[in-house]
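Descriptive structure summary
Below are the chains, spelled out letter by letter.
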Amino acid sequence: MGAHSAAFERNGDGAWLYGEWVNEPAQNRSEKTFFRFLDAAEQLLDDGHWHEVSVQSIVKEADASVGSFYNRFQDKEALLHCLDGRLGQECELTVDSLLHELELCRGLLPNAAQIMVSLLMRLCTERGGVIRALDIAAKTSPAGIYTGFNQRLEEALGRYAEHLKKHDDVLAKYDVNCIVGAFLETFAIAREAILYRKYASSGETLHVNLMRHFHVSLMSWN
């Protein structure tokens, strides 16, 4: 879930690109600058918090001008909305690609839950800066404003859970919403451990602990 490529930007639903937050550029060159701003902001968020990232620092990282930034974004928050949508789309495409792999290689099915937990861990590791920024924004903004990433991840997990329920003997007895809820709770624990360092375990130990939590969560949701 860590690629920042044009493949994600031009596959699937691209409505997040502009929508109500920014105006659609008229030229390809202008669009490339738009993505440079997004990538620059993500790069800065890898090393700092959202409140520490200024428009000036984003402009400098993108090798652009302040004027070109404001030609595209009303403010820094508008850019964060675009990051929210882009991350949601990436998650959706990654999960759907994994579903395709499971269809092609049924031998992966017994490990499908473990693979998803590994993907959720990788998401926290590789895109932690953006997720942390969205966490803070969601807590300090009116409810429901920053929902692109969380909503699309949940929808993708729903499709994944439906597949597991049909093909995994262990998970077949659980409701789809129960499986999705267990994955989301496991993701929340991974986020606390990786982004906020609230748990000492990491790597394989963290994965083992997350799988244990996943199965406990399944029983609590059932």
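Residues numbered from 1 in each chain as written. Predicted model: local features only at pLDDT ≥ 70, side-chain atom pairs only at ≥ 80, totals over all residues. Heavy atoms only, no water.

1. Focus: the side chain of Arg191
Along the chain, Arg191 turns up in helix α9 (residues 176-195). By relative accessible area, which is 17% here, Arg191 ends up buried. When sequence neighbours within four positions are dropped, the list of residues in contact with Arg191 reads Cys124, Ile131, Asp135, Asn150 and Tyr196. (Helix = DSSP H or I, 4+ residues; strand = E, 2+ residues; numbered from the N terminus. Buried < 20%, exposed > 50% of the residue type's maximum accessible area, 1.4 Å probe, protein only. Contact = heavy atoms within 4.5 Å.)

2. Here we look at the environment of Leu164
On the secondary structure map, Leu164 appears in helix α8 (residues 148-167). The sequence separation of Leu164 and Tyr174 amounts to 10 residues, and the corresponding C-alpha distance is 9.8 Å. Excluding its chain neighbours within four sequence positions, the residues that come into contact with Leu164 are Ala112, Leu171 and Phe183.

3. Focus on helix α10 (residues 203-221)
Counted at 1.5 Å a residue, the expected span for α10 with its 19 residues is 27 Å, and the 26 Å between its end C-alpha atoms agrees. Leu206, His207, Leu210, Met211, Phe214, Ser217 and Leu218 are the residues of α10 that are buried. Projection of α10 onto a plane perpendicular to its axis shows the buried side chains occupying an angular sector of 140 degrees, all on one side. In α10, the exposed residues that point more than 90 degrees away from the buried face are Met219 and Ser220. (Expected span 1.5 Å × (residues − 1). Arc of directions from axis to C-beta.)

4. A closer look at the pattern of salt bridges
Taken as a whole, this structure holds 10 salt bridges when the rule is applied. One salt bridge in this structure joins Glu42 and Arg86, with 3.2 Å as the shortest N-O distance. Residue Glu42 is found in helix α2 (residues 28-47), and its partner Arg86 is found in helix α5 (residues 76-104); the two are separated by 44 residues along the sequence. Using a relative accessible area of 3% as the deciding quantity, one classes Glu42 as buried. Taking the shortest distance from any N to any O, the salt bridge between Glu92 and Arg159 comes out at 3.7 Å. (Salt bridge = Lys/Arg side-chain N within 4 Å of Asp/Glu carboxyl O.)

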